[in-house]
Amino acid sequence: MQFGSVPTVGVDALTSEDFLLDVREDDEWEAGHAEGALHIPMSEFVARYGELTEAAPEDGKVYVLCRVGGRSAQVAQYLIQQGVDAVNVAGGMQAWEAAGRPVSDGKGGSGAVV
């Protein structure tokens, strides 16, 4: 599946081994996120790009999430231009939650997608 020229997958294609990058803003992240995802808000992404290159698997894919898939598509496109094997996650965290995937508040409780 393509979103413009960006490779896109559905939440059902993701496994617990996949590297997730959440580009939502801080308030969205704090309300609820996928456990183990790296959080770099889109608004700070270019300035904090080094955090991704340090954390991402050397030859692996980076699966980019936002709330519904628009911001993540833009970040995935940017990453592809930087030579990163990036994939947009269609439906974002709303699809993640709807598929019954766990949403964490980061404090040991269950979170919510806002």
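Residues numbered from 1 in each chain as written. Predicted model: local features only at pLDDT ≥ 70, side-chain atom pairs only at ≥ 80, totals over all residues. Heavy atoms only, no water.

- The protein chain goes by Rhodanese-like domain-containing protein in an unreviewed UniProt entry, where it is assigned to Streptomyces decoyicus.

### Quick word on the pairing of strand β5 (residues 62-65)
- Burial of β5 is two-sided: the residues V62 and V64 facing one way and the residues Y63 and L65 facing the other way are all buried.
- As paired strands, strand β3 (residues 19-22) and β5 are joined by four bridges and run parallel to one another. Opposite L20, over in β5, you have Y63 as the bridge partner.
- Pairing of β5 with strand β6 (residues 86-89), which is carried by three bridges, proceeds in the parallel orientation. Among the inter-strand pairings, Y63 is bridged to a residue of β6, identified as V87.
- In the classification by handedness, the crossover that spans β5, the intervening helix α3 (residues 70-81) and the parallel β6 is right-handed. (Buried < 20%, exposed > 50% of the residue type's maximum accessible area, 1.4 Å probe, protein only. Helix = DSSP H or I, 4+ residues; strand = E, 2+ residues; numbered from the N terminus. Pairing = 2+ DSSP bridges. Right-handed = clockwise from strand over helix to strand, strands pointing away.)

### Examining the environment of P7
- Mapping P7 onto the fold places it in strand β2 (residues 6-9).
- P7 gets classed as partly exposed once you look at its relative accessible area, which sits at 31%.
- The spacing of P7 and A90 is 83 residues in sequence and 9.7 Å in space, taken between C-alpha atoms.

### Some details on α3
- Counted at 1.5 Å a residue, the expected span for α3 with its 12 residues is 16 Å, and the 17 Å between its end C-alpha atoms agrees.
- For α3, the complete set of buried residues consists of S72, A73, V75, A76 and L79. Taken around the axis of α3, the buried residues stretch over an arc of 165°, which confines them to a single face.
- Looking one or two places after α3, you find G83, whose phi comes out positive at around 90°. (Expected span 1.5 Å × (residues − 1). Arc of directions from axis to C-beta.)

### Brief notes about the nonpolar core
- Ranked by size, the top nonpolar core spans 18 residues in total, and within it L21, F45, L52, V62, V64, V75 and L79 carry the most contacts.
- Residue assignment for this core shows that the elements contributing at least two residues are β3, α2 (49-55), β5 and α3.
- Dropping the residues within four chain positions of it, L52 is found in contact with F19, L21, L38, I40, F45, V62 and L79. (Core = buried A, V, L, I, M, F, W, Y, C linked by side-chain atoms within 4.5 Å. Contact = heavy atoms within 4.5 Å.)

### Concerning the pattern of salt bridges
- All chains considered together, the criterion is met by five salt bridges.
- Taking the shortest distance from any N to any O, the salt bridge between R71 and E28 comes out at 2.9 Å. Of the two residues, R71 is situated in helix α3 and E28 in helix α1 (residues 26-31); the sequence distance between them amounts to 43 residues.
- Among the residues examined, R71 registers a relative accessible area of 24% and is labelled partly exposed.
- The residue E51 makes a salt bridge to R48 at a minimum N-O spacing of 2.8 Å.
- Classification of E51 as partly exposed rests on a relative accessible area of 34%.
- In the salt-bridge network here, residues are joined through shared partners; they are E44, R48 and E51. (Salt bridge = Lys/Arg side-chain N within 4 Å of Asp/Glu carboxyl O.)

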